[in-house]
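For reference, the chains in residue letters:
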Amino acid sequence: MEIGTVIPAARRELDTGGAADFTDAWLANRRLSAHTRAAYKRDITGWLAWCDTHGLSPLAATFLHVNAYARQLETTLAATTVARKLSAMSSWYEFLHRLDAVPGNPVSGADRPHVDRDHSGTVGLAPAEVDALLAAADAATGPTADRTRAVIALLADLGLRVGELCGLDVTDLGYERGHRAVRFTGKGGKARRRALTPGTSAAVDAYLHARAAAAGVAVGDLDGPLFVTARGGRLDRHAVFRLVRQLARDAGIPAWEQLSPHSLRHAFATTARAEGVPLEDVQDAMGHADPRTTRRYDRDRHNLDRDPAYTIWAARARRRS
């Protein structure tokens, strides 16, 4: 539905099917990555399905209905997931409100779940475990081995989100001020760029050369998605999840069944901070708008070895000597 056709339609009551059309208009009005867009659409579709099951027009919903929906979600989903779904719904209703389709935003008065911003449910990895995962990738064989090494290198060395990784195209690779770099769309639709380490660059180049050789073309003639399946389609996030867990199992990591690509992102933040990278640099690298989010990813932030009291004491001792 085009924005121009939404506005007059918004001034009359719509059934669930009509409300679904608003979702496309709402998403088209926002700068979002493909992954975020798909997630938000699933969130709204779930809400619309709940409304349909309960014989409720979503445009007549109140905060009481939203509360009932949230409490139902909380029986099977984590608080962070429920909070994200309600956040998407709130944005959707704000859009409808601006178009005069609803008198207000029912989510704004709802009881949202408490989310501990100092804790993440993602299972992290110690540096030695990341090394073991990379070693397992290096030992991989078969037609997808080069792709495996490039994927794991990007996740480990850059801490990319899985959606950012899967959304990369061949044309996103390039050079900038002497750095081998990659450009991509981050969370919130923000254009971002990162430098490739020598090891990651070598892994990506090896994969591209192998892919070009298999296709019988020059590397410069490759286009489309950076990471492709055997049939030439874009590698999806589910395949990357399976890959991480398979490698973790091969590496003998005890919690392999609970790991995800996001585990490598957490490990990136923790290791960077442990190695003395300033918080603001890690924050920029990860694309976090709020430094508190970056701190939450740092699993070693409560380690007493990093207590600033030691630094102050050492400085005082130097002054007295």
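It should be noted that the structure appears before, not after, this text.
This text gives an overview of the structure that appears in the document. From a predicted model like this one, the values you see are computed outputs, not experimental measurements.

As paired strands, strand E1 (residues 173-176) and strand E2 (residues 179-185) are joined by four bridges and run antiparallel to one another. In the sheet register, Glu-176 faces E2, and the bridge partner there is His-179. From the end of E1 to the start of E2, which pair antiparallel, there are two residues, and Arg-177 there has a positive phi angle of about 50°.

Another point: the side chain of Ser-263. Its place among the elements puts Ser-263 in helix H11 (residues 261-274). Setting aside anything within four residues of it in sequence, one finds Ser-263 in contact with Thr-122, Val-123 and Leu-125.

Here we take up the nonpolar core. Leu-154, Phe-227 and Val-240 are the most contacted members of the largest nonpolar core, which has 42 residues in total. At the level of secondary structure, the elements contributing two or more residues to this core comprise helix H6 (127-138), helix H7 (145-158), helix H8 (162-166), E2, helix H9 (198-215), helix H10 (237-250) and H11. Sequence-distant contacts of Val-240, defined by excluding residues within four places in its chain, comprise Val-151, Leu-155, Val-162, Leu-165, Cys-166, Leu-235 and Pro-261. Core analysis: the next-biggest nonpolar cluster, separate from the first, contains 31 residues, Val-66, Ala-70, Leu-96 and Leu-99 among them.

Bringing helix H5 (residues 79-98) into the picture now. Taking 1.5 Å per residue as the helical rise, H5 with its 20 residues ought to reach 28 Å, and the 29 Å between its terminal C-alpha atoms agrees with that figure. Along H5, the residues that are buried comprise Val-82, Ala-83, Lys-85, Leu-86, Ala-88, Met-89, Ser-90, Trp-92, Tyr-93, Phe-95 and Leu-96. Positioned one or two residues after H5, Asp-100 has a phi angle of 65°, which is positive.

What follows covers the side chain of Arg-265. Structurally, the position occupied by Arg-265 is in helix H11. Of the side chains with opposite charge, Glu-164 lies nearest to the buried Arg-265, which makes no salt bridge, at 4.6 Å. Among all residues touching Arg-265, those that are not within four sequence positions of it are Gly-159, Leu-160, Arg-161, Met-286, His-288 and Tyr-297.

Attention now goes to the environment of Thr-197. With respect to the helices and strands, the residue Thr-197 is situated in the loop between strand E3 (191-195) and H9. Sequence spacing of Thr-197 and Ala-181 is 16 residues, and the spatial spacing of their C-alpha atoms is 8.8 Å. A distance of 2.9 Å separates a polar atom in the side chain of Thr-197 from a polar atom in the side chain of Thr-200.

The next subject is the packing of aromatic side chains. Taken as a whole, this structure holds six aromatic pairs when the rule is applied. Taking 5.4 Å as the distance between ring centres and 15° as the angle between the ring planes, the aromatic pair formed by Trp-47 and Trp-50 counts as stacked. Taken together, the residues span about one helical turn, with Trp-47 and Trp-50 both in helix H3 (residues 34-53) at a distance of three residues. Assessed through its relative accessible area of 0%, Trp-47 is described here as buried. By way of ring pairs, the aromatic residues Trp-47, Trp-50 and Tyr-69 are connected into one cluster.

So, on to the packing of H6 against H7. In contact at an axis separation of 9 Å, H6 and H7 are set at 160° when each is read in the N-to-C sense. By the angle between their axes, H6 is roughly antiparallel relative to H7. Seen along the crossing, H6 lies across H7 with a hand that is left-handed. Counting all contacts with H6, which are made through Val-130, Leu-134, Ala-137 and Asp-138, the residues of H7 involved are Thr-148, Arg-149, Ile-152, Ala-153 and Ala-156. Partitioning the contact of H6 with H7 into residue classes produces six nonpolar, one polar and two charged.

All right, on to H9 then. Across its 18 residues, H9 extends 26 Å between first and last C-alpha, which sits within 8% of the 26 Å expected from 1.5 Å per residue. Along H9, the residues classified as buried are Thr-200, Ser-201, Ala-203, Val-204, Tyr-207, Leu-208, Arg-211 and Ala-212. Taken end-on, H9 shows its buried residues confined to a sector of 165°, consistent with a single buried face. Along H9, exposed side chains directed more than 90 degrees from the buried face belong to Pro-198, His-209 and Ala-213. Buried-residue contacts for H9 involve H7, E1 and E2. At the C-terminal side of H9, Gly-216 shows a positive phi close to 70°.

What counts and how
- Residues numbered from 1 in each chain as written.
- Predicted model: local features only at pLDDT ≥ 70, side-chain atom pairs only at ≥ 80, totals over all residues.
- Heavy atoms only, no water.
- Pairing = 2+ DSSP bridges.
- Helix = DSSP H or I, 4+ residues; strand = E, 2+ residues; numbered from the N terminus.
- Contact = heavy atoms within 4.5 Å.
- Core = buried A, V, L, I, M, F, W, Y, C linked by side-chain atoms within 4.5 Å.
- Buried < 20%, exposed > 50% of the residue type's maximum accessible area, 1.4 Å probe, protein only.
- Expected span 1.5 Å × (residues − 1).
- Lys, Arg positive; Asp, Glu negative; His and termini not counted.
- Salt bridge = Lys/Arg side-chain N within 4 Å of Asp/Glu carboxyl O.
- Polar contact = N/O pair within 3.5 Å; in protein donor to acceptor, adjacent residues only side chain to side chain.
- Phe/Tyr/Trp six-rings, centres within 6.5 Å; stacked < 30°, edge-to-face > 60°.
- Axes fitted to C-alpha atoms, helices over the stretch in contact; angles between N-to-C directions.
- Parallel < 35°, antiparallel > 145°, perpendicular 65-115°, else oblique.
- Left-handed = near helix turned anticlockwise from the far one by under 90°.
- Nonpolar A, V, L, I, M, F, W, Y, C, P; charged D, E, K, R; others polar.
- Arc of directions from axis to C-beta.

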